[in-house]
Amino acid sequence: MNHYLKGRQLMHGDILSPETVVATFSEDFSIEYIKTIVATLNHGSEMLQAYKALGNSWDIDDVHKLLHTMDGIYNKWSYEKYAASRGEK
């Protein structure tokens, strides 16, 4: 999904749809925690889309491809979570 931060606002939008405010985070949440939430939303959605693409095919090659794709998504999420904890990005 196309979630991103604009200050303390969680935004959603892309080229085709207008930018909309999904949520506004209070000062109780640190920016690092908010960035972790955004990464989780985006990469969790990617994982669900990868699973949906599998369809009803449980062929070993398709399952292997799914697991490989999910591993890559998890690695991206893990990196973004680490970068957020260090105050990067």
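Each remark here, short or long, concerns the structure printed above.
Now for a quick tour of the structure. For clarity, every value in this text was computed on a predicted model and none was experimentally measured. Just so you know, the residues in each chain are numbered from 1, in the order the chain's sequence is written. Only residues with pLDDT of at least 70 are given local features in this predicted model, and only at 80 or more are side-chain atom pairs given and counted; all residues enter the totals for whole chains, interfaces and linings. Derived side-chain values reflect all non-hydrogen atoms in the structure, with water molecules and hydrogen atoms excluded from consideration.

### Re the sheet that holds strand S2 (residues 9–12)
Here the rule is simple: two strands pair whenever DSSP picks up at least two bridges between them. The numbering of helices and of strands both runs from the N terminus, where a helix is a DSSP run of H or I of at least 4 residues and a strand a run of E of at least 2. Sheet architecture is open: three strands sit in the order S1-S2-S3, paired in antiparallel fashion. Only two strands of the sheet have a single neighbouring strand rather than two, namely strand S1 (3–6) and strand S3 (20–24). The average undirected angle you get between the axes of adjacent strands in this sheet is 35 degrees. Bridge count between S2 and S3: four bridges; the pairing is antiparallel. By the bridge assignment for S3, Leu10 is matched with Ala23. Between two residues, a contact is recorded if the distance between any of their heavy atoms is within 4.5 Å. Helix axes are fitted only over the stretch in contact, all axes being lines through C-alpha atoms; the angle between N-to-C directions runs from 0 to 180 degrees. With respect to the sheet, helix H1 (residues 31–54) is in contact with S1 and S2, its orientation differing from that of S1 by roughly 160 degrees.

### Let's talk about the side chain of His3
Along the chain, His3 turns up in strand S1. Apart from the residues lying within four places of it in its own chain, the contact partners of His3 are Leu10, Met11, His12, Val22, Val38, Leu41 and Asn42.

### Considering the packing of aromatic side chains
Only Phe, Tyr and Trp rings are paired, with Trp represented by its six-membered ring, and only when their centres lie within 6.5 Å; those with planes under 30 degrees apart are stacked, over 60 edge-to-face, the remainder tilted. Summed over all chains, the structure comprises four aromatic pairs. Where Phe25 meets Phe29, the ring centres are 5.9 Å apart and the plane angle is 80 degrees; that geometry is what we call edge-to-face. Classification of Phe25 by relative accessible area gives buried; the value is 13%. Whether a residue is buried, partly exposed or exposed follows from its accessible area with a 1.4 Å probe, protein chains only, as a fraction of its type maximum: under 20%, in between, or over 50%, in that order. By relative accessible area, Phe29 is classed as partly exposed at 33%. Geometrically, the ring pair formed by Tyr74 and Trp77 is tilted, given 5.7 Å between the ring centres and 40 degrees between the ring planes. Taken together, the positions of Tyr74 and Trp77, both in helix H2 (residues 60–85) and three residues apart, correspond to about one turn of that helix. Ring pairing ties together the aromatic residues Phe25, Phe29 and Tyr33, which thus form one cluster.

The quantities given are spatial measurements derived from coordinates; they are silent on function.
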